[in-house]
Amino acid sequence: MASILDDRADRPQEVMETVQMEAGNEIMPLQRNEARLLEIISRGFRGGAVSFDVILQDGSEHRIGTGSPGFKLRMTHPRGLRAIASFDEGVIANAYIDGWYEVEGDIIEMFDLRDKVQDRHLFRWLWRFIAPVLLGQVRVNKSAISRHYERDHSFYLSFLDEEFRCYTQGIFESDDEPLSVAIRRKMDFILERCKMKPGDEVLDVGVGWGSFAEHAARKGIKVTGLTIARQSLSFMQQLTTEKDLPITTSLTDVLEYKPQKQFDAIAILGVMEHLPNYDEVLKCFDRLLKPGGHVFLDASAIPRKYELSSFITQHIYPGNHSFFVLHDFLKSLASMPFELKGVWDDRHSYYLTFVHWAKRFDANRDFIIEHFGGADYRRFRLYLWGAANCFLRNRLQCYRLVLQKTAVPA
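Worth saying up front: this structure is predicted, and the values here are computed from it rather than measured.

(A) Spotlight on the sheet that holds strand S12 (residues 338–345). Sheet architecture is open: seven strands sit in the order S9-S8-S7-S10-S11-S13-S12, paired in mixed fashion. A single partner strand is all that each edge strand has here, and the edge strands are strand S9 (247–251) and S12. When the angles between neighbouring strand axes are averaged without regard to direction, this sheet yields 15°. In this structure, strand S11 (residues 289–301) lies alongside strand S13 (residues 397–405), joined through eight bridges in antiparallel fashion. Across the sheet, residue alanine 299 finds its bridge partner in S13, namely tyrosine 399. Together, strand S7 (201–205), strand S10 (263–269), S11, S12 and S13 form the strand contacts of helix H12 (residues 278–288), whose direction differs from that of S11 by roughly 145°.

(B) Fine view of the sheet that holds strand S3 (residues 52–55). The four strands lie next to each other as S4-S3-S5-S6, forming an open sheet whose pairing is mixed. Each of the sheet's edge strands pairs with one partner strand only, and the pair in question is strand S4 (61–64) and strand S6 (101–105). Sheet twist, expressed as the mean angle between neighbouring strand axes with direction ignored, is 25°. In this structure, strand S5 (residues 71–75) lies alongside S6, joined through five bridges in antiparallel fashion. Of the residues in S6, the one forming a bridge with arginine 74 is glutamate 102.

(C) Structural detail: the pattern of salt bridges. For the structure on display, the rule yields 26 salt bridges. Glutamate 163 is the partner of arginine 184 in a salt bridge, and the nearest nitrogen-oxygen pair spans 2.3 Å. Of this pair, arginine 184 sits in helix H9 (residues 179–193) while glutamate 163 sits in the loop between helix H8 (153–157) and H9, placing them 21 residues apart in sequence. The class of arginine 184 is partly exposed, set by a relative accessible area of 37%.

Thresholds, definitions, all that
Here the residue numbering is sequential within each chain, running from 1 through the sequence in written order. This being a predicted model, a pLDDT of at least 70 is required before a residue's local features are given, and a value of 80 or more before pairs of side-chain atoms are given or counted; all residues contribute to the totals for chains, interfaces and linings. Only heavy atoms go into the side-chain values, all of them from the structure, while hydrogens and water stay out. Any two strands with at least two DSSP bridges between them are considered paired. The way it works is that DSSP assigns letters per residue, a run of H or I at least four long becomes a helix, a run of E at least two long becomes a strand, and they are numbered from the N terminus. Under this scheme, a helix contributes an axis fitted over its contacting stretch, all axes are lines through C-alpha atoms, and angles between N-to-C directions fall in the 0 to 180 degree range. By the convention used here, residues are in contact when the closest approach between their heavy atoms is within 4.5 Å. Put simply, a salt bridge is a Lys or Arg side-chain nitrogen that is within 4 Å of an Asp or Glu carboxyl oxygen. Relative accessible area decides the class of each residue, using a 1.4 Å probe on protein chains only: under 20% of the type maximum gives buried, over 50% gives exposed, and in between gives partly exposed.

What follows is the structure in structure tokens.
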């Protein structure tokens with residue numbers, strides 16, 4: 001039987017020599033190798049940002065690093081220790097998803113170990129660029145969105161804010177604010193900065209669970225929502241009917257959307273990460289927006305395009321997803337008929353937002369496991385706490401932008 005370690009041809013030779021392979025259906029005894037694996041782990045994480053304890057299956061505890069441990073890794077399967085000793089981020093993540101070890105204590109600190117591990121999975125990285133060429137960007141988008149969003153609504157509603165169901169950052173003015181206050185501030189910011197008023201027609205790209213659409217519709221704004229997730233379409237149709245809101249939702253990719261009218265404004269919350277071709281996106285905005293109209297967009301960002309962990313591309317956002325690259329976008333913007341009205345840094349706000357989500361997700365652990373399984377719980381737990389750590393440590397940034405389409409001269 002193959003181990004998940006088998007997808008690393010370049011793992012350290014000493015780990016190769018230490019790992020005991022399975023013989024038939026029986027796993028060979030590993031006790032004689034545990035000390036050696038612990039030595040490899042201790043040496044590899046020496047001088048790291050945090051200390052932690054490893055608890056073996058026999059209950060013994062072993063300190064890695066010096067000082068008070070920030071968390072504990074409790075081994076529940078012999079392969080768990082081998083995965084940690086691989087120093088491969090993707091392998092370590094998969095081992096957690098498979099339940100081969102548990103994390104006890106402050107899980108957000110565990111991600112500070114990333115400076116000591118590698119994440120090289122060449123084929124997976126290359127396929128992200130080959131697939132859009134072979135299959136087309138729209139088809140790749142549909143597949144990727146389906147992988148991430150086509151779960152029952154209750155999965156996401158178990159951690160999103162109950163009032164707004166918004167899957168992007170709020171705007172916090174203090175760290176101890178409720179998430180709903182921060183998101184309401186953001187919704188009002190969009191309306192104000194894009195000068196949306198009753199009777200305006202607004203396009204909400206990636207309508208999700210209707211957080212912005214509902215807020216705008218309650219102000220008398222006519223909203224057209226676009227989604228490529230059938231679960232989102234179903235949710236929005238039910239929401240619109242039950243609350244009698246002026247919202248129309250279409251199962252359409254924005255790149256293929258060709259209405260017979262232009263809109264007064266476009267809101268695109270948390271979708272730019274799925275649209276890495278900025279020239280194409282801005283041409284699309286130009287086609288859909290009236291002269292003088294505004295665009296609001298926000299996105300988690302990174303300095304270099306397409307830099308994603310293998311965990312993210314395998315388990316969270318497949319396809320050629322890329323975090324937003326501000327300077328590349330501004331370069332594309334310079335040749336289009338848009339003015340940049342403002343850029344705001346939301347990195348700390350997104351950190352706080354993810355912490356709120358992760359805590360609420362953990363509080364609903366039993367519900368998630370019962371309805372979606374332990375693997376999905378552990379997969380998204382890594383995602384939520386890992387993202388919080390990325391924003392905290394400035395591995396990820398976050399921006400919101402407001403654009404205005406140049407008005408036609410009188």
